[in-house]
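One letter stands for each residue in the lines below.
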Amino acid sequence: MRLVLLGAPGSGKGTQAKLLVDKYGIPQISTGDLLRAAVAAKTELGLQVKAVMDSGDLVSDDLVLGLLKERLAQADTKDGFILDGFPRNLAQAEALTPLLDELGQPADLALLINVDEDEILQRILARAKVEGRSDDNEDVVRKRMGIYREQTKPVAAFYAARGELKSVDGIGSIESIFQRVTDQIES
Ligand code: AMP
């Protein structure tokens, strides 16, 4: 199964992706995690992107696409994968299709986890307090929400227009949302 998981920052997308990893035995590929790993490793690329990530902006498409290509080339993706945090804008969505086709691994489905913005804001501000992520202060959270609204939301419409989008209500317990997610995947 090759799944593109869509949803706002704080929608629970990452949590659901981890549960999907356990259930289906395929890796979660999070471009945010790939970028954070580059930052932690203090690679030249990591140093470049840290400031961008901390400001809440998107890292350049070319750079993220390069990291993603490298990750998709690893052997553990042969039975599928869950893409989490990519595509973040229409240009990335348009680049993803030929990339996956080239690998002989077209996406089966895009799945949107739907949560309204007020709820999201409360959730990420709470997460900022617990995890201390440097990109989770209130101004940055609002900026990331704005970017989501303007750039990432259209990605759901892109997949909907191709008849490849399903969505689930992202409000409720982790378990009940996971049930909705797997119902959609298996329907
Ligand atoms: P995330 O962990 O998915 O919330 O991503 C954290 C940050 O990494 C984002 O705010 C962006 O700065 C950057 N990022 C993650 N994925 C992408 C992407 N697909 N395109 C551009 N920037 C990204």
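Attention here is on the structure that accompanies the text. As the structure is a prediction and not an experimental result, all values here were calculated from the model.

Rules and cut-offs
- Residues numbered from 1 in each chain as written.
- Predicted model: local features only at pLDDT ≥ 70, side-chain atom pairs only at ≥ 80, totals over all residues.
- Heavy atoms only, no water.
- Helix = DSSP H or I, 4+ residues; strand = E, 2+ residues; numbered from the N terminus.
- Buried < 20%, exposed > 50% of the residue type's maximum accessible area, 1.4 Å probe, protein only.
- Contact = heavy atoms within 4.5 Å.
- Areas by Shrake-Rupley, 256 points an atom, 1.4 Å probe, with all protein chains shown as cover.
- Lys, Arg positive; Asp, Glu negative; His and termini not counted.
- Charge placed at Lys NZ, Arg CZ, Asp CG, Glu CD.
- Pairing = 2+ DSSP bridges.
- Salt bridge = Lys/Arg side-chain N within 4 Å of Asp/Glu carboxyl O.
- Expected span 1.5 Å × (residues − 1).
- Bend = angle between axes of the 7 residues up to and from the residue.
- Near = heavy atom within 4 Å.
- Polar contact = N/O pair within 3.5 Å; in protein donor to acceptor, adjacent residues only side chain to side chain.

**Quick look at the overall build of the protein chain**
Right, so step 1: On a plain count of helices and strands, the protein chain comes out with eight helices and five strands.
Right, so step 2: Going residue by residue from the N terminus, the α and β elements of the protein chain occur as β-α-β-α-α-α-β-α-β-α-α-β-α.
Right, so step 3: Along the first, second and third principal axes, the C-alpha set of the protein chain runs to 40 × 40 × 30 Å.
Right, so step 4: Per-residue burial for the protein chain yields a buried fraction of 45% across its 187 residues.
Right, so step 5: Taking the contacts inside the protein chain whose residues are at least 6 apart along the sequence as the reference set, 73% of them involve residues at least 24 apart.
Right, so step 6: As displayed, the protein chain has an accessible area near 9,300 Å², and 52% of this comes from carbon and sulfur atoms.
Right, so step 7: Distance between charge centres in the protein chain, computed from 23 positive and 30 negative side chains, equals 2 Å.

**Here's the deal with the pairing of strand 3 (residues 81-84)**
Right, so step 1: Burial along strand 3 is two-sided: Phe81 and Leu83 facing one way and Ile82 and Asp84 facing the other are all buried.
Right, so step 2: Alignment of strand 2 (residues 28-30) against strand 3, held across three bridges, turns out to be parallel. Looking at strand 3, one finds that Ile29 is bridged to Leu83.

**Some remarks on the pattern of salt bridges**
Right, so step 1: The tally for this structure, following the rule as stated, stands at 10 salt bridges.
Right, so step 2: A salt bridge links Asp57 to Lys143; its shortest N-O distance comes to 3.4 Å. Placement of the pair is Asp57 in the loop between helix 3 (44-55) and helix 4 (61-72) and Lys143 in helix 7 (residues 138-161), with a sequence separation of 86 residues.
Right, so step 3: On the basis of relative accessible area, Asp57 is assigned to the partly exposed category, the value being 35%.
Right, so step 4: Across the pair Arg71 and Asp76 runs a salt bridge, and its minimum N-O distance is 2.8 Å.

**Looking at unusual backbone geometry**
Right, so step 1: Following Phe86, the chain continues into Pro87 via a peptide bond in cis, with omega recorded as 0°.
Right, so step 2: With respect to the secondary-structure elements, Pro87 resides in the loop between strand 3 and helix 5 (90-102).
Right, so step 3: The residue Lys42 is not glycine, and still its phi comes out positive at about 55°.
Right, so step 4: Of note, Lys42 is situated in the loop between helix 2 (31-40) and helix 3.
Right, so step 5: Look at Lys42 and you get exposed, because its relative accessible area is 63%.

**Here's the deal with helix 7**
Residues spaced three or four apart along an α-helix face the same direction, because each turn holds 3.6 residues.
Right, so step 1: End to end, helix 7 covers 34 Å across 24 residues, agreeing with the expected 34 Å (1.5 Å per residue, within 8%).
Right, so step 2: Taken as a whole, helix 7 carries its principal kink of about 45° at Arg149.
Right, so step 3: Within helix 7, the full set of buried residues consists of Val140, Val141, Arg144, Met145, Gly146, Ile147, Tyr148, Thr152, Val155, Ala156, Phe158 and Tyr159.
Right, so step 4: Positive backbone phi, approximately 70°, marks Gly163, located one or two places after helix 7.

**Description of the site of the ligand**
Right, so step 1: As a matter of local geometry, the ligand sits amid 16 residues, with Thr31, Arg36, Asp57, Gln92 and Arg144 nearest to it.
Right, so step 2: Within the side chain of Gln92, an N or O atom sits 2.9 Å from a nitrogen atom of the ligand.
Right, so step 3: In the model, an oxygen atom of the ligand is placed 2.9 Å from a nitrogen or oxygen of the Arg144 side chain.
Right, so step 4: Here the shell around the ligand takes four residues from helix 2, the largest share from any one element.

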